[in-house]
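Chain residues, written in single-letter form:
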Amino acid sequence: MTIQFERTHSTLTIDPSLPTPSGATAAPAETPDLLPGVSQLACSGDPGAMLAALTMQTAHSEEKVSRMQRDACERAEENDEAAEIKDLREKADLTRLQGIVGGALQLTQAAMQFGSSMKSLSADNLKQDAADASADAKGERADAQNFAKGLNDGQAGAMEDYAKQCDGQAAALTHQANGVQATASWYSGGASLAGATKTLADGLFGGAITDKDTDAKQHDIAAQSFKQMADDAHDDEKDAKDLLSKALDFYKEYVDTKNQTTMAAIHRA
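Calculation criteria
Residues numbered from 1 in each chain as written. Predicted model: local features only at pLDDT ≥ 70, side-chain atom pairs only at ≥ 80, totals over all residues. Heavy atoms only, no water. Helix = DSSP H or I, 4+ residues; strand = E, 2+ residues; numbered from the N terminus. Buried < 20%, exposed > 50% of the residue type's maximum accessible area, 1.4 Å probe, protein only. Contact = heavy atoms within 4.5 Å. Areas by Shrake-Rupley, 256 points an atom, 1.4 Å probe, with all protein chains shown as cover. Salt bridge = Lys/Arg side-chain N within 4 Å of Asp/Glu carboxyl O. Core = buried A, V, L, I, M, F, W, Y, C linked by side-chain atoms within 4.5 Å. Lys, Arg positive; Asp, Glu negative; His and termini not counted. Patch = residues over 30% accessible without salt bridge, like charges linked within 9 Å, V, L, I, M, F, W, Y side chains within 5 Å. pLDDT = per-residue confidence, 0-100.

**Here we look at the overall build of the chain**
Along the backbone of the chain there are 3 helices and 0 strands. Listing each helix as α and each strand as β along the chain from the N terminus yields α-α-α. Out of the 269 residues belonging to the chain, those deemed buried represent 27%. Contacts in the chain between residues far apart in sequence, at least 24 positions, make up 79% of those at least 6 positions apart. If you sum the accessible surface of the chain, you get close to 16,900 Å²; carbon and sulfur atoms cover 56% of it.

**Side note on the pattern of salt bridges**
Applying the stated criterion to the full structure yields 12 salt bridges. Across the pair D71 and R70 runs a salt bridge whose closest N-O atoms are separated by 3.2 Å. Judged by relative accessible area, D71 falls into the partly exposed class, the value being 28%. Where K238 meets D242, a salt bridge forms, and the shortest distance between an N and an O atom there is 3.3 Å. A residue pair is termed a helical-turn pair when its members lie 3 or 4 positions apart in one helix, as K238 and D242 do in helix α3 (residues 153-268) at 4 residues.

**Here we look at the nonpolar core**
What tends to happen in soluble globular proteins is that the nonpolar side chains get buried as a cluster. In this structure, A49, A52, M56, A59, L244, A247, Y251 and V255 together form the largest nonpolar core, which totals 8 residues. Of all the secondary structure elements, the ones that give two or more residues to this core are α2 (47-149) and α3. In terms of nonpolar packing, the next biggest core, distinct from the first, is built from 6 residues, A123, A130, L173 and V180 among them.

**Describing the side chain of D80**
Position of D80 relative to the elements: it lies in helix α2. At 12 Å, R75 is the nearest oppositely charged side chain to D80, a buried residue that forms no salt bridge. Excluding its chain neighbours within four sequence positions, the residues that come into contact with D80 are H219, A222, A223 and F226.

**Some points on a nonpolar patch on the surface**
A cluster of nonpolar side chains, F114, M118 and L121, forms an exposed patch at the surface whose accessible area comes to about 320 Å². Topologically, F114 is positioned in helix α2.

**Things to note about the side chain of E63**
By the element assignment, E63 lies in helix α2. Taking the relative accessible area as the measure of exposure, E63 reaches 13% and is therefore buried. The contacts of E63, once residues within four sequence positions are left out, are E237, A240, K241 and L244.

**Remarks on the confidence of the model for the chain**
When pLDDT drops low, the exact placement of atoms in the prediction is not to be read closely. For the chain, per-residue confidence averages 76 on the pLDDT scale, and residues scoring 70 or more make up 78% of the total. The low-confidence segment residues 1-36 (pLDDT under 50) makes 62 contacts with residues lying over four places distant or belonging to another chain.

**Notes on the environment of S122**
Mapped onto the fold, S122 is located in helix α2. Along the sequence, S122 and V180 sit 58 residues apart, while their C-alpha atoms lie 7.1 Å from each other.

**Notes on the environment of A163**
Examined against the element boundaries, A163 turns out to sit in helix α3. Distance from A163 to D136, taken between C-alpha atoms, is 7.1 Å for residues 27 residues apart in sequence.

This is how it looks when you write it as structure tokens:
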């Protein structure tokens, strides 16, 4: 960020004055004003007065420019401090939002994992029931063969029918178990997706939070720089005021000395 200050030269206007005595005929009571107009002094042709006027003009201009620079730097410092606070608050909002999103995804992942486990358990139970039905069918067929050997075809036929029912039940249970297992796989996939989404969200939120930290640091550095510039401008303003006071003191002493010299010349005459 670059701030340009336009240096302005202005004239310090002071109440009108009497002209500086230039001859020995001036009345002793007519003493020059200690604070004549600076522009008038600068054109007076008196070296001391011209030097004092130039110094006062320079001091006044430096004071004005320094004050403008100080005010601008203080405003810039306040703006950067406000921006830093804004970045920190946005960082806090992102951190809270990250917690909410991460927590929701983690709960989703846990629910999906629980559902997958329960469905897998249900599928295992159905597969066990199907295996039991197949075993029953196998036993019934063995018994039916024994009855058929004993020429009891009616009982053997009934047993075969029951064995077929067991086979059908086993097939139905197996099909149902496969469907439940597929649902469990979907739940497991959903849990993995929720976990991956949480990781992605954490990465995005982490990057955004880091950006806010960086922005806040930049604003802090800028605010410190502007503070230093404002302090320097304040020092320059004080130096300009001191220079103005010294110039006024110099001109006062110069006028007093010149007046005393003039009066001494008049007395000698």
